[in-house]
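A structural walkthrough
Residue strings, one per chain:
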Amino acid sequence: MRRVKLDRIDRRILRDLQADGRMTNVELARRAGISAPPCLRRVRALEEAGYIRGYHADINPESMGFHVTVFAQVGLSSQAESDLKRFESLVNSWPEVRECNMLAGETDFLLKVVAVDWDSYQRFLTTKLTAAPNVSHVKSALAIRQSKYAPGVPIDVDVGPESKDEDDEDTED
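The notes below deal with the structure included here. Source: prediction; values computed, not measured.

**A closer look at the overall build of the protein chain**
- From N to C terminus, the protein chain includes 5 helices and 4 strands.
- In the protein chain, the order of α-helices and β-strands from amino to carboxyl end is α-α-α-β-α-β-β-α-β.
- When burial is assessed residue by residue, the protein chain has 31% of its 173 residues classed as buried.
- For the protein chain, the accessible area works out to roughly 11500 Å², and carbon and sulfur atoms hold 51% of it.

Right, dumping it as structure tokens:
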């Protein structure tokens, strides 16, 4: 993966794509103040460098019948790297777990779990999560409502370059 120097145009492209991944290249180029061909080259370079990991649709859980979101704090009996990886692998096989983060501190993992209703979450909890090898305890917190959802990261277009590579391309071709 080649490192890309992030200039103002790159950060603008990233910010706009993060807000709307379906934006056309022509619109993206217009907003960035460059023509379409260099804009497309920049997007491809940002993808290759790992800044853009992918594109997806933001699906409304309730419209798909998932009315319950639970944050499960999971403690493991062993924190040996092999046990952590085994747990992460198991979690990756559970479609109802939408996010998994390993934490420092009292809780080993924080899982975001979606379920049709509370009963289906309890079934998941008792048949999968607490039954999993090495799980010592689980604390569940039911989400009541989501007041903010901002995927990605805050991108300030007006900060200086992130890295300086001598072989980076010019801003406009």
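**Some points on the packing of aromatic side chains**
- If you walk through the whole model with that rule in mind, you get 4 aromatic pairs.
- Ring centres of tryptophan 94 and phenylalanine 124 lie 5.4 Å apart, and the angle between their planes is 90°; on these two criteria the pair is classed as edge-to-face. With tryptophan 94 in the loop between helix 4 (81-92) and strand 2 (97-102) and phenylalanine 124 in helix 5 (residues 118-129), the pair connects residues that are 30 residues apart, well separated along the chain.
- We classify tryptophan 94 as buried; its relative accessible area is 7%.
- The rings of Trp94, Trp118, Tyr121 and Phe124 are connected pair by pair, giving a single aromatic cluster.

**A word on the nonpolar core**
- By size, the foremost hydrophobic cluster in this structure holds 20 residues, and its most contacted members are Val74, Phe87, Leu111, Tyr121 and Leu129.
- Breaking this core down by element, the ones donating at least two residues are strand 1 (68-76), helix 4, strand 3 (109-115) and helix 5.
- Among the elements that make up this core, the one with the highest residue count is strand 1 (5 residues).
- Other than its neighbours up to four places away in sequence, tyrosine 121 contacts Val70, Ala72, Val113, Ala115 and Ser140.
- Within the second largest apolar cluster, 14 residues are counted, among which are Ile9, Ile13, Leu28 and Val43.

**Notes on the pattern of salt bridges**
- Across all of its chains, the model carries 11 salt bridges by this definition.
- When the shortest N-O distance is used, the salt bridge between arginine 31 and glutamate 27 registers 2.9 Å. Of the two residues, arginine 31 and glutamate 27 both sit in helix 2 (residues 25-32), 4 residues apart, roughly one turn of that helix.
- Judged by relative accessible area, arginine 31 falls into the partly exposed class, the value being 36%.

**Thoughts on a nonpolar patch on the surface**
- A cluster of nonpolar side chains, namely Ile59, Met64, Phe66 and Val116, defines an oily patch on the protein surface of about 380 Å² accessible area.
- Tracing the chain through its elements places phenylalanine 66 in the loop between helix 3 (36-48) and strand 1.
- Under the relative-accessibility criterion, phenylalanine 66 is labelled partly exposed at 32%.

**Regarding the packing of helix 2 against helix 3**
- In contact at an axis separation of 9 Å, helix 2 and helix 3 are set at 100° when each is read in the N-to-C sense. It follows that helix 2 is roughly perpendicular to helix 3 by the angle criterion. Note on element contacts: helix 3 touches helix 2 through Ala36, Cys39, Leu40 and Val43, opposite Asn25, Leu28 and Ala29.
- Across the contact of helix 2 with helix 3, the residue classes tally to 6 nonpolar, 1 polar and no charged.

Each value, and the rule that gives it
- Counting starts from 1 at the beginning of each chain's written sequence and moves along it residue by residue.
- Given that the model is predicted, a residue must reach a pLDDT of at least 70 before its local features are reported, and side-chain atom pairs must reach 80 or more before they are shown or counted; all residues, however, enter totals for whole chains, interfaces and linings.
- Side-chain calculation: all heavy atoms of the structure are included, whereas hydrogens and water are not.
- Helix and strand assignments follow DSSP, with helices taken as H or I runs no shorter than four residues and strands as E runs no shorter than two, numbered in order from the N terminus.
- Note on exposure labels: buried denotes an accessible area under 20% of the residue type's maximum, exposed denotes more than 50%, and partly exposed covers the range between, all computed with a 1.4 Å probe on protein chains only.
- Methods summary: accessible areas were calculated by the Shrake-Rupley approach with a probe of 1.4 Å, and residue burial reflects only the protein chains presented.
- Each aromatic pair joins two rings of Phe, Tyr and Trp (for Trp, the six-membered one) with centres within 6.5 Å, and gets the label stacked for planes under 30 degrees apart, edge-to-face for over 60, and tilted for any other angle.
- The nonpolar core is taken to be a set of buried Ala, Val, Leu, Ile, Met, Phe, Trp, Tyr and Cys residues, with the residues joined through side-chain atoms within 4.5 Å.
- By definition in these notes, contact holds between two residues if any of their heavy atoms fall within 4.5 Å.
- Here a salt bridge means any side-chain nitrogen of Lys or Arg lying within 4 Å of a carboxyl oxygen belonging to Asp or Glu.
- Like-charged residues are merged into a patch within 9 Å and nonpolar side chains (Val, Leu, Ile, Met, Phe, Trp, Tyr) within 5 Å, provided each residue has over 30% relative accessible area and no salt bridge.
- Lines fitted to the C-alpha atoms define the axes, with helices restricted to the stretch that makes contact. Angles between their N-to-C directions range from 0 to 180 degrees.
- Any angle from 65 to 115 degrees is called roughly perpendicular, while one under 35 is roughly parallel, one over 145 is roughly antiparallel, and all others are oblique.
- Just so you know the grouping, Ala, Val, Leu, Ile, Met, Phe, Trp, Tyr, Cys and Pro go in nonpolar, Asp, Glu, Lys and Arg go in charged, and all remaining residues, Gly too, go in polar.

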